[in-house]
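Examining the three-dimensional arrangement
Next come the chains, spelled out residue by residue.
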Protein chains: 2
Amino acid sequence: MKKFLLPIMSLMMLTAVSANAQQQRNATVPSYTATKEDFKPNLVNQPGKQYPMVNSEGAVRVQLRAPGATSVQLDLGRRYDMTKDENGVWTGTSAPQDVGFHYYQIIVDGTPMPDPGTVSFFGAGRWGSGIEIPSTDMDFWQVKDVPQGSIVEKYYWSKTTESMRHCYVYLPHEYDLNPTKKYPVLYLQHGNAENEYGWAVQGHTAQIMDNLIAEKKAVPFIIVMDYGQGQNIHLTGKYAPVEGAAANDAFQVVLLNDIIPMVETEFRVYTDAAHRGMAGLSMGGGQTGRIALANPTMFGYIGMFSGGSMTVEAFQEAKGLEKTAKLIFMSTGSKENRPAVEQAEALKKIGVNAVSYVSEGTAHEWHTWRRSLYEFAQKAFK
Amino acid sequence: MKKFLLPIMSLMMLTAVSANAQQQRNATVPSYTATKEDFKPNLVNQPGKQYPMVNSEGAVRVQLRAPGATSVQLDLGRRYDMTKDENGVWTGTSAPQDVGFHYYQIIVDGTPMPDPGTVSFFGAGRWGSGIEIPSTDMDFWQVKDVPQGSIVEKYYWSKTTESMRHCYVYLPHEYDLNPTKKYPVLYLQHGNAENEYGWAVQGHTAQIMDNLIAEKKAVPFIIVMDYGQGQNIHLTGKYAPVEGAAANDAFQVVLLNDIIPMVETEFRVYTDAAHRGMAGLSMGGGQTGRIALANPTMFGYIGMFSGGSMTVEAFQEAKGLEKTAKLIFMSTGSKENRPAVEQAEALKKIGVNAVSYVSEGTAHEWHTWRRSLYEFAQKAFK
């Protein structure tokens, strides 16, 4: 857990939001009056817990027995005042939320606490509560009775940080059945204030891949999920960053000097650019774009989900990328205003195999990114 | 998460404790006055969190900013009243705790909540806060720069429950480097109100094994960690239990019909009793003893950590066990009063290779069980 010991200051950086979003976050509003009373226990509730619940409009209802409390709020970005009944049970309902996965907390007498009703997820720079707003297309990331790959938890020595680092690796089901076969490998990164658990847990990477491979919609490949929060990667010795180096560069140093060499030693992967990809969401998409442009002969498949950009000018300046890049994939939720489509169209005009994907009805959250992986994986390494 | 959806009633069963322990649990005592002010942030704190802390006598100090609260307690079995300073920050200190790992919670105005200071662990029938009281011999389960095995997360179809089940599998580092080599396999079970995460997370199974194998103190073997809480295993069809069948029997049905066949298909393991072992802690030790006695030709290596028992009479009634059993290992913490030594001595007298281990200075918690695995693993499959 050493890498988690970041100073309070950088923790605050991680959770920093725009002034406007900050106002929204602080805005306290009355509990929403649901138009439908078809609330069901959430998918990520703790064993035996009925609350939190979600209804068919995507409203979130939480409940907490707190007879002694004088104020309880549901904090889902906006703060919804909860009301107490005669038994001291507080109940609050949020306005309908975007489909997909959201981090939240309960505020008891002014103190933010995890909701004891849900299991714990890492996001917003902390382990805390999460809620899944069901979508009509959840099937693709459900655990099904198809040949199951696995998520491998791995520690490894990092010479650039002089510490042990921790990652997750998805292996397709057939990996152990073909002990001499090599596989393509995708390096898949989380967003700001998240960590390597993100894609493995709330991202449902294994289920997305197992289901795609079972349907023969994707070729089997390995996915490496590591920790990329630059501010918390402390490079040492000759790898220590020069004055003013962007924090995000630190992950590039670790990726090139530790992660890729470890993966190419410990796992049966091809080591050429045509079988190596990088993708990421939000901050991880930005890292993907920068790292691919800075290392134009390394990654044949490049995915930027709700983050990162690649202009024609940047592409043309990255000598060799025109030969290396087999696919440049850019996605955005329809509720975001990201230039995925425009940038992909511009790249196509100069003959690049650029693909854009717009996730209909979703915003800057995990369902957009699960769908993006689902789309990207069907085009990768083919 | 389907298997986690247990009814409230059985959740209450899980957390049921003796009347005496219940009284202790409810007892509220003043915050402890530490004799040493050398408190340090705990090993399992969230990123950037200073609290909870532990001092060199094993006292736990928690802190929570809750200006609006009128009462805050630290619940570590006993409830310690916390006190509020002029900034609304509540601080409380527990009496010195036994070394090792403990589940706890914070009670805010009468409402039990997870401590936002720690990451989340499954125990006491819930995901919640944990604290590690450092011991002088923690080195053996630390992550070190030795060849790293991996913890594999795996879903598989269970025909006995007609659902997908979830387990963790430890693979030694050399497993992928020897694609035709077969390995012995240990089925390792958690305790009451815990789950398959226990050995993989707070049990530090991978670190214990990696360090032992690196020191050549243990032979490489595979460890399977699954979910064994009988009350929550709902057998279906022809596997449905007969009237009055003990809940713990349900795990035996799953182990024999689902888990072992899956492991022997998906992993390169030997399939004879001489290369198959079962061990568990507390409730899992009880299951190990019952299952080994009921299936006397299946398990060559049998480990009961702080739970389970094997009398000479039971052993002799289990026809074939005298030929199958290569090792019967029984352990107890010195602060428990379990008959590990007596029972092992009695078995030795009839020629059984029985070994007992007493974990000095530890009680019924994870450090006893980590040490037990450390001892057992050095004797297993040799």
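Read on for an overview of the structure. As the structure is a computational prediction, the values presented were derived from the model and not from experiment.

**Thoughts on the overall build of chain A**
Regarding its fold elements, chain A presents 10 helices and 20 strands. Relative to the 2.2 N^0.38 estimate, which gives 21 Å for 382 residues, the radius of gyration of chain A is 22 Å and therefore close to what a compact globule would have. In terms of its C-alpha atoms, chain A occupies a principal-axis envelope of roughly 70 × 50 × 40 Å. By the burial criterion, 59% of the 382 residues in chain A qualify as buried.

**Here we look at the relation of the copies chain A and chain B**
Between chain A and chain B, the superposition needs a rotation of 180° and an axial shift of 0.0 Å, giving an RMSD of 0.0 Å. Accordingly, the operation relating the two chain copies is best matched by a two-fold axis. It is Val 152 of chain A whose C-alpha, among those of chain A, lies nearest the rotation axis, at 2.2 Å. A share of 98% of the interface residues of chain A reappears at the interface of chain B, consistent with the copies meeting face to face through the same patch.

**Thoughts on the side chain of His 190 of chain B**
All names here are of chain B. Here His 190 lies in the loop between β15 (185–189) and α3 (197–200). A polar contact of 2.8 Å, which involves the side chain of His 190, links it to the backbone nitrogen of Gly 228. Contacts of His 190, omitting those with residues within four sequence positions, involve Asn 195, Glu 196, Trp 199, Asp 226, Tyr 227, Gly 228, Gln 229, Leu 281, Met 283 and Gly 284.

**Description of the sheet that holds strand β8 (residues 89–93) of chain B**
All names here are of chain B. Ordered by their spatial adjacency, 5 strands build an open sheet running β2-β3-β4-β8-β7, and the pairing between neighbours is antiparallel. Pairing within the sheet leaves two strands with one partner each, and these edge strands are β2 (40–41) and β7 (83–84). Note that β2 and strand β3 (residues 53–54) share 2 bridges and pair antiparallel. Directly across from Lys 40, in β3, lies its bridge partner Val 54.

**Considering the sheet that holds strand β8 (residues 89–93) of chain A**
Residue and element names in this part refer to chain A. The 5 strands lie next to each other as β2-β3-β4-β8-β7, forming an open sheet whose pairing is antiparallel. The open sheet terminates on both sides in strands that have one partner only, identified here as β2 (40–41) and β7 (83–84). Bridge count for strand β4 (residues 60–65) against β8 is 5 bridges, and the pairing is antiparallel. Of the residues in β8, the one forming a bridge with Val 62 is Gly 92.

**Focus: the packing of helix α4 (residues 205–214) of chain A against helix α10 (residues 366–379) of chain A**
Residue and element names in this part refer to chain A. Across the interface, α4 lies against α10 with an axial gap of 10 Å and an inter-helix angle of 35°. Of the two elements, α4 crosses α10, and the hand of that crossing is right-handed. The segment α4 lies against α10, with Thr 205, Ile 208, Met 209 and Leu 212 engaging Arg 370, Leu 373, Tyr 374, Ala 377 and Gln 378.

**A closer look at the interface of chain A and chain B**
The interface is formed by 50 residues belonging to chain A together with 49 residues belonging to chain B. When the two sides are added together, the surface that chain A and chain B hide from each other amounts to roughly 4,200 Å², 61% of it contributed by carbon and sulfur. Inspection of the chain A/chain B interface yields 0 salt bridges. Put simply, chain A and chain B have 10 residue pairs in polar contact (both at pLDDT 80 or more) between them. Listed by contribution, the elements that provide at least two residues to the side of chain A that touches chain B are α1 (8–14), β4, β10 (111–113), β11 (120–123), β12 (126–133) and β13 (150–158) of chain A. At 7 residues, β13 of chain A tops the list of elements feeding residues into the side of chain A that touches chain B. As paired strands, β13 of chain A and strand β13 (residues 150–158) of chain B are joined by 3 bridges and run antiparallel to one another. By the bridge assignment for β13 of chain B, Ile 151 of chain A is matched with Glu 153 of chain B.

**Considerations on the pairing of β15 of chain B**
Residue and element names in this part refer to chain B. Among the 5 residues of β15, 5 are classified as buried, and the element is accordingly described as predominantly covered. Residues Val 185, Tyr 187 and Gln 189 of β15 are buried on one face, and the alternating residues Leu 186 and Leu 188, pointing to the opposite face, are buried as well. Here 3 bridges tie β15 to strand β16 (residues 222–225), and the two strands are oriented parallel to one another. Residue pairing for β16: Leu 186 is matched across the bridge by Ile 223.

**Section: the packing of aromatic side chains**
Residues and elements named next belong to chain A. One pass over the full model with this rule turns up 30 aromatic pairs over all chains. Each ring, one from Trp 127 and one from Tyr 197, has its centre 4.8 Å from the other, and the planes form 85°; the classification is edge-to-face. Residue Trp 127 is found in strand β12, and its partner Tyr 197 is found in helix α3 (residues 197–200); the two are separated by 70 residues along the sequence. For Trp 127, a relative accessible area of 13% puts it in the buried group. Through successive ring pairs, a cluster of aromatic residues spans Trp 199, Phe 305, Phe 329, Trp 366, Trp 369 and Phe 376. It is Arg 268 that lies over the ring of Tyr 175; its NZ or CZ is 4.0 Å from the centre.

**Remarks on the state of the cysteines**
Evaluated as defined, the whole model comprises 0 disulfides over all chains. Cys 167 of chain B provides the cysteine sulfur closest to Cys 167 of chain A, a residue in no disulfide bond, and the two sulfurs are 20 Å apart. Among the residues examined, Cys 167 of chain A registers a relative accessible area of 0% and is labelled buried.

Rules used in this analysis
Residues numbered from 1 in each chain as written. Chains lettered and ligands numbered in written order. Predicted model: local features only at pLDDT ≥ 70, side-chain atom pairs only at ≥ 80, totals over all residues. Heavy atoms only, no water. Helix = DSSP H or I, 4+ residues; strand = E, 2+ residues; numbered from the N terminus. Rg over C-alpha atoms; globule rule 2.2 N^0.38 Å. Buried < 20%, exposed > 50% of the residue type's maximum accessible area, 1.4 Å probe, protein only. Least-squares fit on C-alpha atoms with pLDDT ≥ 70 in both. Contact = heavy atoms within 4.5 Å. Polar contact = N/O pair within 3.5 Å; in protein donor to acceptor, adjacent residues only side chain to side chain. Pairing = 2+ DSSP bridges. Axes fitted to C-alpha atoms, helices over the stretch in contact; angles between N-to-C directions. Left-handed = near helix turned anticlockwise from the far one by under 90°. Buried area = accessible area lost by both parts, 1.4 Å probe. Salt bridge = Lys/Arg side-chain N within 4 Å of Asp/Glu carboxyl O. Phe/Tyr/Trp six-rings, centres within 6.5 Å; stacked < 30°, edge-to-face > 60°. Lys NZ or Arg CZ within 6 Å of the ring centre and 35° of its normal. Disulfide = S-S within 2.5 Å.

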